[in-house]
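Observations on the model geometry
Here is how the chains run, residue by residue.
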Amino acid sequence: MTDLNKLTIADARDGMRKGDFTSAEITEACLTEIDGASALNAFVHGTADMAREQAAAADTRIKAGDAPNMCGIPLGIKDLFCTKGVPSQAASRILEGFKPEYESTITSQLFDAGAVMLGKLNMDEFAMGSSNETSIYGDAVNPWRREGSDAKITPGGSSGGSASAVAADLCLAATGTDTGGSIRQPAAFTGITGIKPTYGRCSRWGVVAFASSLDQAGPMTKTVRDSAIMLQAMCGFDPKDSTSADLAVPDFEAAITGDIRGKKIGIPKEYHMDGMPAEIEALWADGRAMLKDAGAEIVDISLPHTKYALAAYYVIAPAEASSNLARYDGVRYGHRATLGAGDAIDDMYEKTRAEGFGAEVQRRVMIGTYVLSAGFYDAYYNRARRVRTLIKQDFENVFNAGVDAILTPATPSAAFGLGEMKNADPVQMYLNDVFTVTVNMAGLPGVAVPAGLDKQGLPLGLQLIGRPWEEGDLLNSAAVLEQAAGFVSKPAKWW
Amino acid sequence: MSIDKDTAARVAKLARIKVEDDALPALAQEFNAILGFIEELNEVDVEGVEPMTSVTPQRLKRRVDVVNDGDQQAAVLKNAPDAREGFFAVPKVVE
């Protein structure tokens, strides 16, 4: 059988159980594809030997029967996850050479379930970026191109390598993380599915911290069903993460029934943005019609504080980042600057951090330092946290009024060209997250589903936002949207 | 609120990031662009609104006050840029 790398998780699982093919064969197909895809710069640390060992073990387990769903599934792992003995550097120079002595809870759970790790994936440095252009490894590249052009397009960020790898069929699925949209925006830019679960669903232990009150990991997959299967394996209570939710994890795949009759879907008026491309407005209207045709009730809703979410995010996220990134001091792990004869310990800190952090990370650490500094804490940080309370209340009000899920565009545009935003001011880049960031601010689950192509032939996505802890219900609505949109396009192979 | 070169230098110092003098004006300008964008939060009426401390209603769990980890000196020091005799080594701190 050829093209095993193109399988979905569900089909690979079923086929392996039937004995149609083995994990070793799928893994080999993926490794071959990865070898031929260096132009995408998606995989940045290969773990082929480990993958082959894991695949062989998975095959034994599958043969013995009763193997879990993820058994034998070859995955890419975002570089933000600490993986034991394997470089894990958050795409930063400051963690050059760092090989964790421990395994993140999420990768442990995936490996315990029999999943196979093909390697580590490119990303924006410390997950700070929307285009994968802040990475020490260089840009990850979108397998999609504009029609008739060979200009390189961003896969989005920060989980750009994950999105590129899944869209190009280098792996069956990948892990991502999402602090302001870093799973959903790249998923939309590459025509794949990605879900950020409710805050607390996935353990943050062993995932390099960016903004701890916003960070959540999630799967990036080829289908909604695959997201349900993989999310299931990633979730669960972890005593090592103090904000991990001690709640049972329902069967997400079983929740996909295709029946959304009587569900109330809200359309928030504040997501109609000035200057949004007509194609995105049209896609959104199409999504609304698809859900209505499936028997859902469509209601217009208002989330009045939406406008302020991005500004509040750009106080809270840098503030938390400045605190979290204080640990990179050149003492315990990673890079230390070469010091001069008279250099004292402060010189070591300052030189190490200046060399080790890229421009965007430095900018955010310093903004965070400023908004937390004496005299500005109330004016910036506390005000942003108050606005965050209001943003969450907006969502609570519509959910209390009976809304089950909220439909929005995933991004304000299709993917842009690498380098095109180079001279834009940082705020322009931040606008990429305008539709996704509210979800992190409110701790809600959100999923991006591919729904169409723009006139240049690039994918566009829709976002569904769910009630807290209702990922199953949310994925069911997403599956209906997926089926109705019938998005089956794949990028033409040029790499 | 406008950030000048001196404020930028102070913030860089607080963040322990070395910024050369000639890079400070551009840095101050970037801060001003971002803070200008953040200023729109001043439009929001936050009177009587509590600052969010936890996005999901939960109490932090307490664990039993017992030793449950430790004795991993080699693993802890494994990634240190400079480790000697079981310690992290740094430039001289005390004269």
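To keep things clear, this report deals only with the structure shown in the data block. Each chain has its residues counted from 1, following the order in which its sequence is written. Following the order in which they are written, the chains are lettered starting with A and the ligands numbered starting with 1. In view of the model being predicted, local features appear only for residues whose pLDDT reaches at least 70, and side-chain atom pairs are presented and counted only at 80 or more, with totals across whole chains, interfaces and linings using the full set of residues. Only heavy atoms go into the side-chain values, all of them from the structure, while hydrogens and water stay out.

**Points about empty space enclosed by the protein**
Residue and element names in this part refer to chain A.
- Only protein atoms enter the 1 Å grid used here. Points where a 1.4 Å probe fits but cannot escape make up a cavity, open sets with protein on both sides within 12 Å along at least five of seven lines make up a pocket, and a residue lines them when an atom lies within 4 Å of a point. Grid points are joined across faces, edges and corners, and a volume is the space filled by probe spheres set on the points. Inspection of every chain in the model, using the stated rule, returns one cavity of 30 Å³ or more.
- By volume, the largest cavity amounts to about 60 Å³.
- Lining the largest cavity, in full, are Ala 127, Gly 129, Ser 130, Thr 179, Gly 180, Gly 181, Ser 182, Phe 210, Tyr 313, Tyr 314, Arg 364 and Asp 433.

**Looking at the interface of chain B and chain A**
- What makes two residues a contact is simply this: any of their non-hydrogen atoms within 4.5 Å. Opposite the 50 residues of chain B that make contact, chain A presents 66 residues.
- One side-chain nitrogen of Lys or Arg within 4 Å of one carboxyl oxygen of Asp or Glu is enough to make a salt bridge. Taken together, the connections running from chain B to chain A amount to six salt bridges.
- A salt bridge links Glu43(B) to Lys307(A); its shortest N-O distance comes to 3.3 Å.
- Pairs of N or O atoms within 3.5 Å make up the polar contacts considered here, provided that, within protein, one atom can donate a hydrogen while the other can accept it, and that residues adjacent in sequence are counted only when both atoms are side-chain atoms. Scanning the region where chain B abuts chain A turns up 21 residue pairs in polar contact (both at pLDDT 80 or more).
- Elements that contribute at least two residues to the side of chain B that touches chain A include exactly α1 (5-14) and α2 (24-38) of chain B.
- Top contributing element to the side of chain B that touches chain A by residue count: α2(B), with eight residues. We count a stretch as a helix when DSSP gives it H or I for four or more residues in a row; a strand needs E for two or more, and each element gets its number in order from the N terminus.

**A few points about helix α15 (residues 471-485) of chain A**
Residue and element names in this part refer to chain A.
- Any helix carries an expected span of 1.5 Å times its number of residues minus one. An ideal rise of 1.5 Å per residue puts 21 Å on 15 residues; α15 measures up with 20 Å between its terminal C-alpha atoms.
- Remark: exposure states derive from per-residue accessible area (1.4 Å probe, protein chains only) relative to the maximum for the residue type, with buried under 20%, exposed over 50%, and partly exposed in between. Where α15 is concerned, the buried positions are Glu 471, Gly 472, Asp 473, Leu 474, Leu 475, Asn 476, Ser 477, Ala 478, Ala 479, Val 480 and Leu 481.
- Lining the buried residues of α15 we find β5 (193-196), α7 (224-234), α8 (278-293), β9 (405-409), β10 (446-453) and β11 (459-466).
- Just beyond α15, the residue with positive phi is Gly 486, at close to 55°.

**Thoughts on the side chain of Ser162(A)**
All names here are of chain A.
- For Ser 162, the location among the structural elements is in helix α5 (residues 160-167).
- The class of Ser 162 is buried, set by a relative accessible area of 0%.
- Here the side chain of Ser 162 touches Thr 175 through a polar contact of 2.9 Å, landing on its backbone oxygen.
- Beyond its immediate chain neighbours, meaning those up to four positions away, Ser 162 contacts Lys 78, Leu 121, Asn 122, Ala 174, Thr 175, Gly 176 and Met 220.

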